[in-house]
Amino acid sequence: MTEPSPFPVRASERRALDRVGELAAEFRTVAADYDERAEIAVEHLTALRDAEVDRAVLPERVGGTGLSYQVFGQLVRTLAKADPSTATIWTMHAGAGVALAEITAATLGPFFAEEFLAGKRFANALSEPASGNRFLQPQQEALPAPGGWELTGAKRFVSGAEIADYLFVNALVDGVPTFFGVAPDATVSIIPIWDTLGLRATRSQLLSFERTLLRAEYRGRRPDAGDFAVIPAGLPALSLGIADAALDALVEHASSRLILGAPLSHQQWVQHEVADAQTRLAAAHALYERALWQADNGIPAFLPTLGRAKYLANKVAVDVAQLGVRVGGASGYLKSSPIQRHLRDAEAGQLMAYSTEVLAGVIGKEVLGVVDGE
């Protein structure tokens, strides 16, 4: 069972949360093994689909049962605490599938929704090596071709790329950012450089596009504030789940490790450091909950608040995980320890778009009233 939500939860949402809680307990037992092998846990994704979680995240207006932002956030945090790689792939899969169903609603939306519900895999292919972390602002130009436009270039950090049936791709068309669904073919290839420190089981590959046809009928409108913002709402939850797991591992170690006849948890420095870490983590959760409440209530500030929530969650997750290594000492530094894995995974959150550096610039300018070009 997951922790009760302080917000209204429909019966269908409660079923989804309870089932995800059950699955997460199973995922947790093998997450380290998949990380060690850098292997996608396909059966985890299948189990989520079979549990109707994909149907739950798809909005009612495009054929699903729909989740509130509050419940979606709780769902992703639960998954991320147990298995952050699976949580990341599923969030990106859901983000791409929901986006394509929504932005092509007037044309192929029902097709993409049906494919999503049928268990086909979706992946985001938006970030470019030279886009400066701003994944909605592509720099690569798609050129006119029979049936649509051709794209030659690369997209990076495509989580679950190796199992994707459809990609959510953007490119410049006549100088304007334009979005498409793409079914990978021989013109799309993987550049074999995947060997990361963290979130290894996402296998977030670099893809090469060589005159790949962006079909006119697969073209959609630009995502807007009325769409269900899966990725912006999911990214803070990934780091918060990792931070929760890191804190649990820290507490377990400190409570069981004896130093001079007493548990490590009795040492004052540990108590003080944990007090600071847990309080800051609780604050990050609270800021995230505020963003989700704003989203559910149609308050436009929800996107900027989600940006702040991601910024804080990314930094707090790293701080909690680093404290875990300090408290764990030599045993926490062993490859077999969950503590070191939490640290590697926490660091990855800071790199996901928008990165903490980009967010700091955006937030700082807003607070200081700095306007670009003035």
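Residues numbered from 1 in each chain as written. Predicted model: local features only at pLDDT ≥ 70, side-chain atom pairs only at ≥ 80, totals over all residues. Heavy atoms only, no water.

- Per an unreviewed UniProt entry, the protein chain goes by Alkylation response protein AidB-like acyl-CoA dehydrogenase and derives from Nocardia bhagyanarayanae.
- In UniProt, the protein chain has this text filed under Sequence similarities (unreviewed entry): "Belongs to the acyl-CoA dehydrogenase family." (UniProt positions renumbered as here; feature names shortened; annotations may be inferred.)

1. Let's talk about the overall build of the protein chain
Part 1: Assigned secondary structure in the protein chain consists of 11 helices and 10 strands.
Part 2: The C-alpha radius of gyration of the protein chain comes to 21 Å, within 12% of the 21 Å expected for a compact globule of 374 residues.
Part 3: Projected onto its principal axes, the C-alpha coordinates of the protein chain cover approximately 75 × 45 × 45 Å.
Part 4: The buried share among the 374 residues of the protein chain stands at 54%.
Part 5: Within the protein chain, counting contacts between residues at least 6 apart in sequence, those at least 24 apart form 74% of the total.
Part 6: Of the roughly 16,400 Å² of accessible surface on the protein chain, 57% is carried by carbon and sulfur atoms.
Part 7: Considering the protein chain, the positive charge centre built from 34 side chains and the negative charge centre built from 44 side chains are found 2 Å apart. (Helix = DSSP H or I, 4+ residues; strand = E, 2+ residues; numbered from the N terminus. Rg over C-alpha atoms; globule rule 2.2 N^0.38 Å. Buried < 20%, exposed > 50% of the residue type's maximum accessible area, 1.4 Å probe, protein only. Contact = heavy atoms within 4.5 Å. Areas by Shrake-Rupley, 256 points an atom, 1.4 Å probe, with all protein chains shown as cover. Lys, Arg positive; Asp, Glu negative; His and termini not counted. Charge placed at Lys NZ, Arg CZ, Asp CG, Glu CD.)

2. Side note on the packing of helix α5 (residues 84-103) against helix α6 (residues 109-117)
Part 1: At a minimum axis distance of 7 Å, the contact between α5 and α6 shows a crossing angle of 155°. Accordingly, the angle class assigned to the pair α5 and α6 is roughly antiparallel. Here α5 contributes His 93, Ala 94, Gly 97, Leu 100 and Ala 101 to the contact with α6, which in turn contributes Gly 109, Phe 112, Ala 113 and Phe 116. (Axes fitted to C-alpha atoms, helices over the stretch in contact; angles between N-to-C directions. Parallel < 35°, antiparallel > 145°, perpendicular 65-115°, else oblique.)

3. Quick look at the pairing of strand β1 (residues 122-125)
Side-chain direction in a regular strand flips from residue to residue, so the side chains alternate between the two faces of the sheet.
Part 1: Here β1 shows two buried faces, one formed by Phe 122 and Asn 124 and the other by Ala 123 and Ala 125.
Part 2: Pairing of β1 with strand β4 (residues 166-173) involves 4 bridges; the strand directions are parallel. Along β4, the bridge assignment pairs Asn 124 with Phe 168. (Pairing = 2+ DSSP bridges.)

4. A few points about the layout of surface pockets
Part 1: Put simply, the largest pocket is a space of about 840 Å³.
Part 2: The wall of the largest pocket is formed by 36 residues, among which Phe 135, Leu 136, Pro 232, Leu 303 and Tyr 354 lie closest to the centre.
Part 3: If you list the elements that add at least two residues to the lining of the largest pocket, you get α5, α7 (230-256), α9 (302-332) and α11 (356-368).
Part 4: For the lining of the largest pocket, the element with the highest residue contribution is α9, accounting for 6 residues.
Part 5: When its residues are assigned to classes, the lining of the largest pocket shows 25 nonpolar, 3 polar and 8 charged. (1 Å grid on protein atoms, 1.4 Å probe; cavity = no way out; pocket = protein on both sides within 12 Å on 5 of 7 lines; lining within 4 Å. Points joined across faces, edges and corners; volume = space filled by probe spheres on them. Nonpolar A, V, L, I, M, F, W, Y, C, P; charged D, E, K, R; others polar.)

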